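# Structure assessment
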Amino acid sequence: MKKPEKLKKGDSVAIVSLSSGIAGDELFSHRYELGKKRLEDEFGLKVVTMPNALIGSSKIYNHPELRAEDLMEAFKRKDIKAIFCNLGGDDTIRILPYIDFETLKNNPKIFVGYSDTTINHFMLYKAEIVSYYGPSIMAEFAENVKMHDYTKNSVLKTLFENSKGYKILSSEEWTSESLTWTNPKNNNIQRKMIKEDKHIEILQGSKDVEGILIGGCIDTFHMFIGSNIWPKTNWKNKILFLESSEDKPDPSFISQILRNPLMTEVLSQIKGLIIGKPVDETYYEEYKNSYLEVIQQELKLKELFVGYNYNFGHTAPMCVLPIGIKVRISAEDGSIEFLESATKEEKNGK
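Since we're looking at a predicted model, the values are computed, not measured. (Residues numbered from 1 in each chain as written. Predicted model: local features only at pLDDT ≥ 70, side-chain atom pairs only at ≥ 80, totals over all residues. Heavy atoms only, no water.)

Look at helix α9 (residues 251-259) against helix α10 (residues 261-269): their axes get within 5 Å of each other, and the N-to-C directions meet at 80°. One element, α9, and the other, α10, form an angle in the roughly perpendicular class. Between α9 and α10, the contacting residues are Ile-257, Leu-258 and Arg-259 on the first element and Pro-261, Met-263, Thr-264 and Leu-267 on the second. (Axes fitted to C-alpha atoms, helices over the stretch in contact; angles between N-to-C directions. Helix = DSSP H or I, 4+ residues; strand = E, 2+ residues; numbered from the N terminus. Parallel < 35°, antiparallel > 145°, perpendicular 65-115°, else oblique. Contact = heavy atoms within 4.5 Å.)

In structure tokens, the structure reads:
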């Protein structure tokens, strides 16, 4: 896997809309502007808004080729060092016919997003490029009042530094409070935080596990399992991460995805599985039971390491998970340790 170069202040970065186009809708434009300003003011980056990122929901929906055009152009441009997604959505898969995998492969650079952006991460995995399952412009970068320290620190450690040895721990607090984005005044109201009383739960497995991170939002898997971006390689050295969206899918949906023959093959090979905190902790126990029912009772995988309640994906705050690097998961506290830097190391090791 090729690693992109790490970011530094003054770098130019692109913003794209690859699924939802609400960043260009008047009702939501204030969220885009806030997230953009945070990239500029707090991270010292120069923002390039790609031509079609703000053309609005209707046009974005009707023209997946324009979304792909922005993505391809951002990868081609030598001045752009990273690409950040405005938001997720539900139809990123429609840009797949317009993707030039050689362009991706020949121009490795940081790509960040989550949720429906899972599809894009698997495109990049096919192109053998490390990518970063992390915050979006309109949600996490535009967090009300200020970014969560946990999220901001993870971005800085993962994307701006040599991150070998970096450990991701459980956040001490979380929130799923929903304050409507259509009211700009809500940007000045901090969401109520809840003290974390569960932390990371080790559901099974008594030994540390090491492997290559890969995964995403389980809500999207039915759209691309078995497609040309579904990895055909051996999964034996992988650690799979999965999380669920704000749609709060029924626990039976989780079971159905896990029972897909290609997914059972994956589960039977991987070194470990880590699962994100459910939104608002809805179905907290039910999701846990769905995973364990398939893994323990149906597949008899009683030695597979399974960790639960991690802060990635549709949870606030959230960490950044680099797809394609080797990590170690602690069987003691569930922490994730990077065994290599998430970005390209310079010759002097920095």
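Another aspect to go through is the packing of aromatic side chains. Under the criterion given, the structure shown has 17 aromatic pairs. Centre to centre, the rings of Tyr-284 and Tyr-308 are 5.0 Å apart; their planes meet at 75°, and the pair counts as edge-to-face. In this pair, Tyr-284 sits in helix α11 (residues 284-298) while Tyr-308 sits in strand β13 (residues 305-310), placing the two residues 24 residues apart along the sequence. You'll find Tyr-284 and Tyr-308 in the same group, each marked buried. A connected cluster of aromatic rings, assembled from ring pairs, spans Tyr-114, Tyr-133, Phe-241, Tyr-310 and Phe-312. (Phe/Tyr/Trp six-rings, centres within 6.5 Å; stacked < 30°, edge-to-face > 60°. Buried < 20%, exposed > 50% of the residue type's maximum accessible area, 1.4 Å probe, protein only.)

It is possible for side chains of opposite charge to pair when their charged atoms get near one another. Applying the stated criterion across every chain, the model contains 23 salt bridges. A salt bridge links Arg-94 to Asp-91, with the shortest nitrogen-to-oxygen separation between them at 2.7 Å. For Glu-337, the salt bridge is made with Arg-328, and the minimal N-O distance between the two is 2.9 Å. Exposure remark for Glu-337: the relative accessible area of 18% places this residue in the buried category. Here the residues in one salt-bridge network are Glu-196, Asp-197, Lys-198, Lys-277 and Glu-281, joined through shared partners. (Salt bridge = Lys/Arg side-chain N within 4 Å of Asp/Glu carboxyl O.)

The next subject is the state of the cysteines. Taken as a whole, this structure holds zero disulfides when the rule is applied. Cys-217 provides the cysteine sulfur closest to Cys-85, a residue in no disulfide bond, and the two sulfurs are 14 Å apart. Counting only cysteine sulfurs, Cys-217 is the nearest neighbor of Cys-319, a cysteine outside any disulfide, at a range of 15 Å. (Disulfide = S-S within 2.5 Å.)

This brings us to the sheet that holds strand β9 (residues 201-204). One open sheet accounts for eight strands, arranged β6-β16-β15-β10-β11-β12-β13-β9; its pairing is mixed. A strand with exactly one partner marks an edge of an open sheet, and here the two such strands are β6 (167-168) and β9. As paired strands, strand β10 (residues 209-217) and strand β15 (residues 326-329) are joined by four bridges and run antiparallel to one another. Of the residues in β15, the one forming a bridge with Val-209 is Ile-329. Sheet strands in contact with α11 are β9, β11 (238-243), β12 (272-276) and β13, and its direction is about 30° off that of β9. (Pairing = 2+ DSSP bridges.)

It is worth spelling out unusual backbone geometry at this point. Put simply, Ala-316 and Pro-317 share a cis peptide bond, and its omega is 0°. Looking at where Pro-317 falls in the secondary structure, it is placed in the loop between β13 and β14 (321-323). Positioned with a positive phi, Asp-280 is a non-glycine residue whose angle comes to about 60°. Judged by its relative accessible area of 40%, Asp-280 falls in the partly exposed class.

Core analysis: the largest hydrophobic core is formed by 108 residues, its most contacted members being Leu-39, Phe-84 and Leu-240. A per-element tally of this core places α11 first, with six residues. Leave out the neighbours within four places in its chain, and Leu-240 touches Ile-214, Gly-215, Trp-235, Met-263, Val-266, Leu-267, Ile-270, Gly-272, Leu-273 and Ile-274. (Core = buried A, V, L, I, M, F, W, Y, C linked by side-chain atoms within 4.5 Å.)

It is worth spelling out helix α5 (residues 118-126) at this point. Where burial is concerned, most of α5 is hidden: eight out of the nine residues are buried. Turning to α5, its buried residues number three or more, namely Thr-118, Ile-119, Asn-120, His-121, Phe-122, Met-123, Leu-124 and Tyr-125. Just downstream of α5 lies Glu-128, where phi reads positive at about 65°.

The next subject is the sheet that holds β14. Taken in spatial order, the six strands line up as β2-β1-β3-β4-β5-β14 in an open sheet, and their pairing is mixed. Each edge of the open sheet carries a strand with a single partner, namely β2 (46-49) and β14. If you compare each strand with its neighbour and ignore which way they point, the axes differ by 25° on average. Note that strand β1 (residues 12-16) and strand β3 (residues 80-85) share five bridges and pair parallel. The residue bridging Ser-12 from the neighbouring strand is Ile-80, located in β3. α5 contacts β4 (110-113), β5 (131-133) and β14 of the sheet and is inclined by roughly 155° relative to β5.

In this structure, Lys-46 sits in strand β2. With a relative accessible area of 52%, Lys-46 lands in the exposed category. Along the sequence, Lys-46 and Thr-315 sit 269 residues apart, while their C-alpha atoms lie 27 Å from each other. If we ignore the near neighbours within four places in the chain, the residues touching Lys-46 are Gly-10, Asp-11, Ser-12 and Val-13.

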